[in-house]
Amino acid sequence: MALNEATKKIYRRTDSATLVALLPELRRLNKAAQKERERLDRERADNDVDGSNAHDGIPHDTSVDEKFHADLGAYVAVAIEREMWIRNELKRRGLLPLWPGEEEHLDDDA
């Protein structure tokens, strides 16, 4: 699910400790999804080399694999978006340091 206005509203009302606690979990989920995409990419490359769509003797439906790969890509993008939004919210609250000139950027999403 994309980071829509309703989700942003909930996150804005969430206490800072909860937002900070979400960051490691979002990072963990993001890394797990990226590793799974890399595994699929390796499997796809192996299949291209040997010309089959079987892995360990088990045939795979490539259309399902493609959809799963696309879904993983969307999941990673959403996880990154949420992590960045939470980091910016924590900066807005004064809990994370700002880079020079970052104040104007944070005001855009307030």
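Heads up: the structure comes first, above all this text.
Nothing here was measured: the structure is a model prediction, and the numbers come from that model.

Observations concerning the overall build of the protein chain
Then, in step 1: From N to C terminus, the protein chain includes 4 helices and 2 strands.
Then, in step 2: In sequence order, the protein chain lays out its α and β elements as α-α-β-β-α-α.
Then, in step 3: Within the protein chain, the fraction of its 110 residues that count as buried is 26%.
Then, in step 4: Of the contacts formed within the protein chain by residues at least 6 apart in sequence, a portion of 69% connects residues at least 24 apart.
Then, in step 5: With an accessible surface of roughly 7,500 Å², the protein chain has 58% of that area assigned to carbon and sulfur atoms.

Notes on the nonpolar core
It is characteristic of soluble globular proteins that their nonpolar side chains tend to be buried jointly.
Then, in step 1: Grouped together as the largest cluster of nonpolar side chains are 8 residues: Leu3, Tyr11, Leu19, Leu23, Leu26, Trp85, Ile86 and Leu90.
Then, in step 2: Those elements that provide at least two residues to this core are helix 2 (16-50) and helix 3 (62-92).
Then, in step 3: In this structure leucine 19 touches Tyr11, Thr14, Ile86, Glu89, Leu90 and Arg93, once residues within four positions along its chain are discounted.

Topic: the side chain of histidine 69
Then, in step 1: Checked against the element boundaries, histidine 69 lands in helix 3.
Then, in step 2: Setting aside anything within four residues of it in sequence, one finds histidine 69 in contact with Arg37, Leu40, Asp41 and Arg44.

Notes on the pattern of salt bridges
Then, in step 1: Inspection of every chain in the model, using the stated rule, returns 11 salt bridges.
Then, in step 2: Residue aspartate 41 is joined to arginine 44 by a salt bridge in which the shortest nitrogen-to-oxygen separation is 4.0 Å. Within this pair, aspartate 41 and its partner arginine 44 are both found in helix 2, separated by 3 residues, close to a single helical turn.
Then, in step 3: Taking relative accessible area as the criterion, aspartate 41 reaches 36% and is therefore assigned partly exposed.

Points about helix 1 (residues 5-13)
Then, in step 1: Restricting attention to buried positions, one finds in helix 1 the residues Thr7, Lys8 and Tyr11. Axial view of helix 1: buried residues confined to an arc of 100°, hence all on one face. In helix 1, the exposed positions angled more than 90 degrees off the buried face are occupied by Glu5, Lys9, Ile10 and Arg13.

Regarding the environment of arginine 93
Then, in step 1: Here arginine 93 is to be found in the loop between helix 3 and helix 4 (102-107).
Then, in step 2: With residues near it in sequence (within four places) discarded, arginine 93 still touches Tyr11, Arg12, Thr14, Asp15, Ser16 and Leu19.

Definitions and cut-offs
- Residues numbered from 1 in each chain as written.
- Predicted model: local features only at pLDDT ≥ 70, side-chain atom pairs only at ≥ 80, totals over all residues.
- Heavy atoms only, no water.
- Helix = DSSP H or I, 4+ residues; strand = E, 2+ residues; numbered from the N terminus.
- Buried < 20%, exposed > 50% of the residue type's maximum accessible area, 1.4 Å probe, protein only.
- Contact = heavy atoms within 4.5 Å.
- Areas by Shrake-Rupley, 256 points an atom, 1.4 Å probe, with all protein chains shown as cover.
- Core = buried A, V, L, I, M, F, W, Y, C linked by side-chain atoms within 4.5 Å.
- Salt bridge = Lys/Arg side-chain N within 4 Å of Asp/Glu carboxyl O.
- Arc of directions from axis to C-beta.

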